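Descriptive analysis of the structure
Read off the chains here:
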Amino acid sequence: MKFHMQVLIALGLGLKRNWHIFAGLLLGILVGVWMHHHPNMLLMNTLTFIGQVFIRLIQMVVIPLIISAIVIGITSVGDSKQLGKLGTKMVLYYTIITVAAVSIGAALALMMQPGLGASHYITADIASDIQAKVAATIDSQKGNLLNIILGFIPKNPLSSIASGDMVPIIVFALMFSIALAKVGDVNRPFVSFFESVFAATMKITDWIMSFAAPGVFALTAVAVSSFGVDIFASISKYLGVLAIGFCIQLFIVYPIFLKIFSKVPVMMLYAAIAEAMMVAFGTASSSATLPLTIACCEKRGISHKVSSFVLPLGATLNMDGTAMLQTVAVIFLAQAYGVALSPFLIVQIAILAMIASSTCAGIPGAGLITIALVLNGMGLSPEQLVAGFAFLFTIERITDMMRTLLNVTSDAVVCAAIADNENEINYDLLNNPEEYGDIIN
Ligand code: ASP
């Protein structure tokens with residue numbers, strides 16, 4: 001069969017398999033637009049409740065899943081030389097993808113100049129709930145970069161687990177797993193324990209996913225109802241730059257990346273992870289999508305050894321979509337306020353966006369908090385900063401949904417490339433979407 005036919009079949013099957021989530025997404029957009037024009041408290045509260053049930057259910061399994069996946073992943077690689085090789089490759093691949101994202105974001109924003117003449121609709125005159133969020137955000141980012149880095153080292157791993165601070169949890173889980181791998185056979189009881197935790201959390205994920213369609217529907221409807229469609233007209237240039245950037249990343253950068261570094265057919269991979277891509281868009285959370293990303297990769301040909309190591313780290317540290325948004329948003333504000341963008345400043349923005357994006361948690365809205373790190377040093381006055389933030393907050397959710405879709409897809413892209421390099425892909429399964437089973441079983 002010709003390859004493009006196979007790709008079409010893969011996409012068709014992806015849609016057929018996931019039609020209910022896809023329908024939930026489309027219906028959510030329609031109902032959201034309708035609710036924006038016909039506010040209905042009861043409907044809004046009901047949908048918010050349904051969406052929150054779905055999000056909370058997945059959040060419930062994320063921490064045990066991340067810790068157990070990292071322990072199993074690292075101890076199954078075992079040998080520290082191989083682990084070092086795998087880890088270095090992972091960091092390199094994630095960096096390449098994020099450098100591409102910030103470069104494309106910067107190039108598009110400089111070429112299309114979405115911020116020129118935009119200062120009139122950036123105003124601090126906004127709803128009080130947004131004002132409160134803005135003030136809290138600016139306040140939370142008062143610390144400098146060194147303090148942020150210091151915060152990655154957990155003083156007490158249990159309190160990080162209790163408060164759900166992902167980066168310190170990952171740091172501890174990594175060190176703990178490497179130590180377990182080094183101590184030899186005495187690690188068996190602990191590793192078996194985490195194997196049980198992993199298997200049980202994946203089982204719960206299966207159950208939760210049977211609720212994915214109504215969950216995604218409700219979350220999307222509530223999100224869309226908060227901004228409606230009129231917003232697109234007033235800031236179409238800014239959203240246009242973002243949309244073009246996201247599409248370039250999805251349809252040009254990832255395919256080229258996979259072509260250069262592996263022999264993974266990109267469309268087959270997209271078909272394999274279609275459920276995760278849709279849930280990422282609906283939930284705007286890489287962490288919440290993680291259980292599903294792992295399930296999609298593992299059930300469709302990528303080995304557990306690679307996915308359990310690469311995906312949890314990616315869901316927390318690899319945020320290329322967020323990095324692109326932060327670059328575009330900061331250049332947009334600079335243009336709106338007439339800040340001169342020297343080549344030095346542009347490189348500074350790009351580097352800070354890479355750091356700020358990887359320090360943000362995989363939860364809704366996190367990227368807009370760490371963007372303060374990039375905005376510092378732009379020479380904006382406090383009033384401009386508040387107004388700029390307020391503007392970004394008003395269109396936060398839609399851009400979050402788009403960037404999270406990229407964040408999750410690139411995790412899977414890097415995971416597939418590494419699995420290919422390590423001979424850890426079952427191509428007979430990956431390239432035969434007819435054989436894919438449901439995630440729910
Ligand atoms: N919501 C994004 C994610 O979970 C993070 C962000 O806010 O950019 O990947």
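Placed above this text is the structure.
The text that follows walks through the structure, step by step, so that each part is easy to find. Because the structure is a prediction, the values reported are computed rather than measured.

What counts, and at which threshold
- Residues numbered from 1 in each chain as written.
- Predicted model: local features only at pLDDT ≥ 70, side-chain atom pairs only at ≥ 80, totals over all residues.
- Heavy atoms only, no water.
- Helix = DSSP H or I, 4+ residues; strand = E, 2+ residues; numbered from the N terminus.
- Buried < 20%, exposed > 50% of the residue type's maximum accessible area, 1.4 Å probe, protein only.
- Contact = heavy atoms within 4.5 Å.
- Areas by Shrake-Rupley, 256 points an atom, 1.4 Å probe, with all protein chains shown as cover.
- Near = heavy atom within 4 Å.
- Polar contact = N/O pair within 3.5 Å; in protein donor to acceptor, adjacent residues only side chain to side chain.
- Nonpolar A, V, L, I, M, F, W, Y, C, P; charged D, E, K, R; others polar.
- Axes fitted to C-alpha atoms, helices over the stretch in contact; angles between N-to-C directions.
- Parallel < 35°, antiparallel > 145°, perpendicular 65-115°, else oblique.
- Left-handed = near helix turned anticlockwise from the far one by under 90°.
- Core = buried A, V, L, I, M, F, W, Y, C linked by side-chain atoms within 4.5 Å.

Right, let's talk about the overall build of the protein chain for a bit. When you go through the protein chain residue by residue, the secondary structure sums to 22 helices and 0 strands. The 441 residues of the protein chain split such that 54% are buried. Considering only contacts within the protein chain whose residues lie at least 6 apart along the sequence, 85% involve residues at least 24 apart. Accessible area for the protein chain stands at about 18400 Å²; split by element, carbon and sulfur atoms hold 70% of it.

What follows concerns the site of the ligand. The environment of the ligand is made up of 16 residues, and the closest members are Ser-286, Thr-322, Gly-367, Asp-400 and Arg-403. Between Ser-286 and the ligand, the recorded distance is 2.3 Å, taken from a side-chain N or O atom to an oxygen atom. Here an oxygen atom of the ligand and a backbone polar atom of Ala-366 are 3.0 Å apart. In isolation the ligand has 270 Å² of accessible area, and contact with the protein removes 100% of it. Sort the elements by how many residues they give to the shell around the ligand and helix H21 (residues 396-421) lands first, with 4 residues. For the shell around the ligand, the residue count by class is 6 nonpolar, 8 polar and 2 charged.

Two quantities define a packed helix pair, namely the angle between the helix axes and the distance between the axes. At a closest axis distance of 10 Å, the pairing of helix H4 (residues 80-112) and H21 adopts a crossing angle of 140°. Regarding the angle of H4 to H21, the classification is oblique. At the point where H4 passes H21, the crossing takes the right-handed sense. Contact residues: Leu-86, Lys-89, Met-90, Tyr-93, Tyr-94 and Ile-97 in H4; Ser-410, Asp-411, Val-413, Val-414, Ala-417, Ile-418 and Asn-421 in H21. Among the residues making up the contact of H4 with H21, the classes are represented as 9 nonpolar, 2 polar and 2 charged.

One can find Ile-58 in helix H3 (residues 41-77). Given a relative accessible area of 0%, Ile-58 falls into the buried group. In this structure the C-alpha to C-alpha distance between Ile-58 and Thr-205, which are 147 residues apart in sequence, comes to 7.1 Å. Not counting the four nearest positions on each side in its chain, Ile-58 is found in contact with Ile-208, Met-209, Thr-283, Ala-288 and Pro-291.

Time to look at the nonpolar core. Judged by nonpolar contacts, the single largest core of 134 residues is most densely connected at Phe-54, Tyr-238, Val-310 and Leu-375. No other element matches H3, which puts 14 residues into this core. Sequence-distant contacts of Leu-375, that is, excluding residues within four places in its chain, are made with Val-330, Leu-333, Leu-380, Leu-385 and Phe-389. Among the nonpolar cores identified, the runner-up in size contains 5 residues, and Met-35, Leu-47, Phe-217 and Ala-221 belong to it.

Shape descriptors only; they carry no functional weight alone.
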